[in-house]
Amino acid sequence: MTSTILQVKNLSVTFKGDNGDLEAVNNLSFNMDEQEFVCVLGPSGSGKSTLLRVLAGLVQPGEGEVNISPGSDRKPVVGLVFQQANLMPWRTVIENVTLPLELLGVEEEKRNARAREWIDLIGLQGFEKSLPHDLSGGMAQRVALARAFVQDPDLLLLDEPFGALDALTRERMGDELLRLWQVRRKTILMVTHSISEALLLSDRVLVFTPRPGRLALELPVPFERPRSSGVRFTPEFGSLSQRLRESIGLAG
Ligand code: ADP
Ligand code: MG
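Since the model is a prediction, treat every value here as computed from it, not as a measurement.

Of the regular secondary structure elements, the chain holds seven helices and nine strands. The C-alpha radius of gyration computed for the chain amounts to 18 Å, which stays within 12% of the reference 18 Å derived for 252 residues, consistent with globular compactness. In terms of overall dimensions, the chain has a C-alpha envelope of 50 × 45 × 45 Å along the principal axes. Counting every position in the chain, which comprises 252 residues, the buried fraction comes to 50%. Looking at the chain alone, contacts between residues at least 24 apart form 71% of all its contacts between residues at least 6 apart. Across the chain, the mean location of the 28 positive side-chain charges is 1 Å away from that of the 32 negative side-chain charges.

Attention now goes to the packing of aromatic side chains. Per the stated rule, a full pass over the model turns up three aromatic pairs. Relative to Phe149, the ring of Trp118 has its centre 4.8 Å away and its plane inclined at 15 degrees; by these criteria the two rings are stacked. Of the two residues, Trp118 sits in helix α3 (residues 108-121) while Phe149 sits in helix α4 (residues 137-149), which places them 31 residues apart along the sequence. Grouping residues by exposure puts Trp118 and Phe149 together as buried. In this structure, Arg184 is placed above the aromatic ring of Trp118, and the distance from its NZ or CZ to the ring centre is 5.8 Å.

Attention now moves to the sheet that holds strand β6 (residues 155-159). Across the sheet, which stays open at both edges, the six strands sit in the order β5-β6-β7-β3-β8-β9 with mixed pairing between neighbours. Among the strands making up the open sheet, the edge pair consists of β5 (78-81) and β9 (215-220). Going across the sheet, the axis of each strand differs from the next one's by a mean of 15 degrees, ignoring polarity.

Moving on to helix α5 (residues 167-183). Here α5 contains 17 residues, and its C-alpha end-to-end distance of 25 Å stays within 8% of the 24 Å for a straight helix at 1.5 Å per residue. For α5, the set of buried residues is Thr169, Arg170, Met173, Gly174, Glu176, Leu177, Leu178, Leu180 and Trp181. Contact partners of the buried residues in α5: β3 (37-41), α3, α4, β6, β7 (188-191) and α6 (195-201). Sitting at the head of α5, Asp166 places a side-chain oxygen 3.2 Å from the backbone nitrogen of Leu168.

Before going further, it helps to examine the site of ligand 1. Ligand 1 sits among Phe15, Leu22, Ala24, Pro43, Ser44, Gly45, Ser46, Gly47, Lys48, Ser49, Thr50 and Arg211. Interatomic distance of 2.7 Å between a backbone N/O atom of Gly45 and an oxygen atom of ligand 1. Between ligand 1 and Ser46 there is a distance of 3.0 Å, counted from an oxygen atom to a backbone nitrogen or oxygen. Bound to the protein, ligand 1 loses 62% of the 550 Å² it would expose on its own. Contributions of two or more residues to the shell around ligand 1 are made by β2 (20-33) and α1 (48-55). For the shell around ligand 1, the leading source of residues is α1, giving three residues. A breakdown of the residues in the shell around ligand 1 according to their chemical character gives four nonpolar, six polar and two charged.

One open sheet holds the three strands; their spatial order is β2-β1-β4, and the pairing between them is antiparallel. Strands at the two margins of the open sheet, each flanked by one partner only, are β2 and β4 (63-68). Strand-to-strand twist of the sheet, defined as the mean angle between neighbouring strand axes without regard to direction, takes the value 20 degrees. Note that strand β1 (residues 4-17) and β2 share ten bridges and pair antiparallel. By the bridge assignment, Thr4 is partnered in β2 with Asp33. Against the sheet, α1 contacts β1, β2 and β4, and its axis sits at roughly 115 degrees relative to β1.

Counting residues in hydrophobic clusters, the biggest one holds 54 residues, and the most contacted among them are Met190 and Leu244. In terms of residue count, the dominant contributor to this core is α4 (eight residues). Contacts of Leu244, omitting those with residues within four sequence positions, involve Leu41, Ile195, Leu199, Val205, Val207, Leu217 and Leu219. In terms of nonpolar packing, the next biggest core, distinct from the first, is built from 24 residues, Leu11, Val25, Val38 and Leu155 among them.

Residue Pro212 is bonded to the preceding Arg211 through a cis peptide linkage, with omega at -5 degrees. Mapped onto the fold, Pro212 is located in the loop between β8 (204-208) and β9. Cis geometry is found at the peptide bond from Arg225 to Pro226, where omega equals -10 degrees. Note on placement: Pro226 falls in the loop between β9 and α7 (235-248). In this structure, Asn10 takes a positive phi of about 50 degrees despite not being glycine. Assignment of secondary structure puts Asn10 in strand β1. Judged by relative accessible area, which is 43%, Asn10 ranks as partly exposed.

Definitions and limits used
Position labels on residues start from 1 in each chain and follow its written sequence. Going through the entries in the order they are written, you letter the chains from A and number the ligands from 1. Selection of residues for local features in this predicted model requires a pLDDT of at least 70, selection of side-chain atom pairs for listing and counting requires 80 or more, and totals for whole chains, interfaces and linings are taken over all residues. Excluded from the side-chain calculations are hydrogens and water; all other atoms, namely the structure's heavy atoms, are used. Runs of E in the DSSP output that reach at least two residues are strands. Runs of H or I that reach at least four are helices, and both are numbered from the N terminus. All radius of gyration figures rest on C-alpha atoms, and the globule criterion is 2.2 Å times the number of residues raised to 0.38. Type-normalised accessible area, obtained with a 1.4 Å probe on protein chains alone, sets the label of each residue: buried when under 20%, exposed when over 50%, and partly exposed for intermediate values. By the convention used here, residues are in contact when the closest approach between their heavy atoms is within 4.5 Å. His is not counted, nor are the chain ends; Lys and Arg add positive charge and Asp and Glu add negative charge. Lysine's charge is taken at NZ, arginine's at CZ, aspartate's at CG and glutamate's at CD. Two aromatic rings, drawn from Phe, Tyr or Trp (for Trp, its six-membered ring), form a pair once their centres lie within 6.5 Å of each other, and the interplanar angle then sorts them: stacked below 30 degrees, edge-to-face above 60, tilted otherwise. Counted as over-ring charges are cases with an Arg CZ or a Lys NZ within 6 Å of the ring centre that also lie within 35 degrees of the ring normal. We treat two strands as partners when DSSP finds at least two bridges between them. Axis geometry follows a simple rule: fit a line to the C-alpha atoms, using only the stretch in contact for helices, then measure angles between N-to-C directions, giving values from 0 to 180 degrees. Expected helix span is given by 1.5 Å per residue-to-residue step, counting one fewer step than there are residues. Counting of polar contacts relies on pairs of N or O atoms within 3.5 Å, with two restrictions inside protein: one atom must be capable of donating a hydrogen and the other of accepting it, and residues adjacent in sequence are counted only when both atoms are side-chain atoms. Proximity criterion: a residue is near a molecule or strand once any of its heavy atoms comes within 4 Å of it. The Shrake-Rupley method, run with a 1.4 Å probe, gives the accessible areas here. Residue values count only the displayed protein chains as cover. Any residue outside Ala, Val, Leu, Ile, Met, Phe, Trp, Tyr, Cys, Pro, Asp, Glu, Lys and Arg is labelled polar, Gly included; the first ten of those are nonpolar and the last four are charged. Only buried Ala, Val, Leu, Ile, Met, Phe, Trp, Tyr and Cys residues count toward a nonpolar core, and they belong to the same one when joined by side-chain atoms within 4.5 Å.

Structural measurements only, silent on function.
The structure is reproduced here in structure tokens:
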């Protein structure tokens, strides 16, 4: 049985500025089921990051309501990964991955074991003792993903996590995330600019309108699980890409 892990109801967010108010998100409503993978696409400035920041508790919702793990009485764990890995430069790979567990008060032996497991899963075995400045951009982003996954979040928020990587690394990271999600299903809400990343990874794509962000389209992604990256080359993938391009206003 699936249960609802996220409820967003009539969410509006307005930033107050010297030159008047700026509405970033307008009357947005959607839900997410446990273990669902949802991608958000939309033009720049359409409130995608603002939505994630509200869900992470970094920005107050102006109007409306946000519930994470409704029905659970413990505080939900929300993981967040940005375009920049934001690793602590003086901590090794494994020390970066164990950080959230340290903050949660998990004992040392346990947190090292869990971190190692994720370092292996994400393909960084052998780099446990490396420092961030010795890592490529793709590797640093792997560490950031491991650090987010290791705390077993109820909801994992990814804000253009591969946006700063070159095209080939980006594609490889997409495949990697697909594989990870298929072995360790988490509830993931991911903002991306890449239509093919959204179609490869998600169960559902939400398209935002230009600012203020509202839902322009909600598209279920029909490809069976487990998926392989070869799904990119099917005609159905092509026609759904086209549909998404049109709804974002990119189609010619
Ligand atoms: P996206 O991630 O879709 O590109 P954002 O959510 O970052 O868009 O921003 C939506 C709009 O809100 C933009 O016009 C942005 O300038 C504005 N905005 C975002 N954060 C703030 C803030 N803290 N203060 C004022 N305006 C903001
Ligand atoms: Mg953004």
